[in-house]
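Structural characterization, general
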Amino acid sequence: MSNEHASGRPGRRYRLTRRGRLVLVVGTVTVVAAAVLMPFLLREDETERPRPAPKSLVIPEGWRAGQVYAAVDKALKRKPGTAQTAVRAARLNLPPEARGNPEGYLFPATYPVDESSTPANLLSFMVNTANQRFGANAVAASARRGGLSPYEAVNIASIVQAEADTTPDMGKVARVIRNRLAKEMPLQMDSTLNYALERSTLDTTTEETRLDSPYNTYARKGLPPTPIGNPGEEALRAAVAPPKGDWLYFVTVAPGDTRFTGDYDEHRRNVEEFNERRAEARSMG
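Description of the structure in this document. (Residues numbered from 1 in each chain as written. Predicted model: local features only at pLDDT ≥ 70, side-chain atom pairs only at ≥ 80, totals over all residues. Heavy atoms only, no water.)

Let's talk about the overall build of the protein chain
Check the secondary structure of the protein chain and you find 11 helices and four strands. Within the protein chain, buried positions represent 51% of all 285 residues. Considering only intrachain contacts with a sequence separation of at least 6, the fraction spanning at least 24 residues in the protein chain is 72%. Here the protein chain has roughly 13900 Å² of accessible surface; of this, 52% comes from carbon and sulfur atoms. (Helix = DSSP H or I, 4+ residues; strand = E, 2+ residues; numbered from the N terminus. Buried < 20%, exposed > 50% of the residue type's maximum accessible area, 1.4 Å probe, protein only. Contact = heavy atoms within 4.5 Å. Areas by Shrake-Rupley, 256 points an atom, 1.4 Å probe, with all protein chains shown as cover.)

Here it is in structure tokens:
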């Protein structure tokens, strides 16, 4: 959230660098994904003749559904909006709470694409992969022990994915979310407000925190109605099994320096330091 607000974390400008590295990690899943996906993408009448090697469609961790749809349309050379329209006819295997919205379940990985690929079967495979990864017994059991439904766990993981700058920070961000929910405090996360406004920014104004939206976690308590992006497995593990701690606030003062605390006054001092550093950087830029 912006520097004017007490909780959340404004310093997310370095997320693109982090995700750039994570794409390489996602690549380790590629062989598995390709091996499973290929039989679904081949027409039976073409199995006897050679086909060109498939291209790759990379879905990074944290991408929103709209970004995934646009990437699918581009990879398949379809008109913009085709993949989003295909959601309604794809019969995706989503939990009832999702109400047909695949946000959170378009699993980030690298998918092979060839001439027989369609938006529907690509989206379906992403959702099926998410169900396999997120529905693992250990993950489901951890969610239940924490009093969460699997859908709530994915929802929290999507916020963790958007807010944490590093993998080690994911668990602490998840603990902040869980602590705030337990205390019936509003989450006050910029990431959910940015989702409502269809943007990604470092700054949130006081006026924006009054936005009438179910995704405005400044004004409304509890989780947003849906995930706000598509998290990876590390974010989900952090969501269902965060470390113990009394943290209620966090702010990234500098790259690699995210400070977590349960003390409001300490958090305000951390925010002031962030503001000073940012003002200095602007004056030099």
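Regarding the packing of helix α7 (residues 150–163) against helix α10 (residues 233–240)
Where α7 meets α10, the closest approach of the two axes is 8 Å, and the angle between their N-to-C directions is 115°. Crossing hand, α7 versus α10: right-handed. Judged by residue contacts, A153, V154, I156, A157, V160 and Q161 of α7 engage A235, L236, A238, A239 and V240 from α10. Of the residues that constitute the contact of α7 with α10, the class distribution is 10 nonpolar, one polar and no charged. (Axes fitted to C-alpha atoms, helices over the stretch in contact; angles between N-to-C directions. Left-handed = near helix turned anticlockwise from the far one by under 90°. Nonpolar A, V, L, I, M, F, W, Y, C, P; charged D, E, K, R; others polar.)

Observations regarding the pairing of strand β3 (residues 249–254)
Counting buried residues along β3, six of its six residues qualify, which places the element largely inside the surrounding structure. Strand direction decides the pairing type here: β3 and strand β4 (residues 257–261), joined by five bridges, are antiparallel. Residue pairing across strands places Y249 opposite T261, the latter belonging to β4. Between the antiparallel neighbours β3 and β4 lie two residues, among them G256 with a positive phi of about 80°. (Pairing = 2+ DSSP bridges.)

A closer look at the pairing of strand β2 (residues 110–113)
Here β2 shows two buried faces, one formed by T110 and P112 and the other by Y111 and V113. Summarising the sheet, strand β1 (residues 55–58) and β2 pair through four bridges and their orientation is antiparallel. By the bridge assignment, V58 is partnered in β2 with T110.

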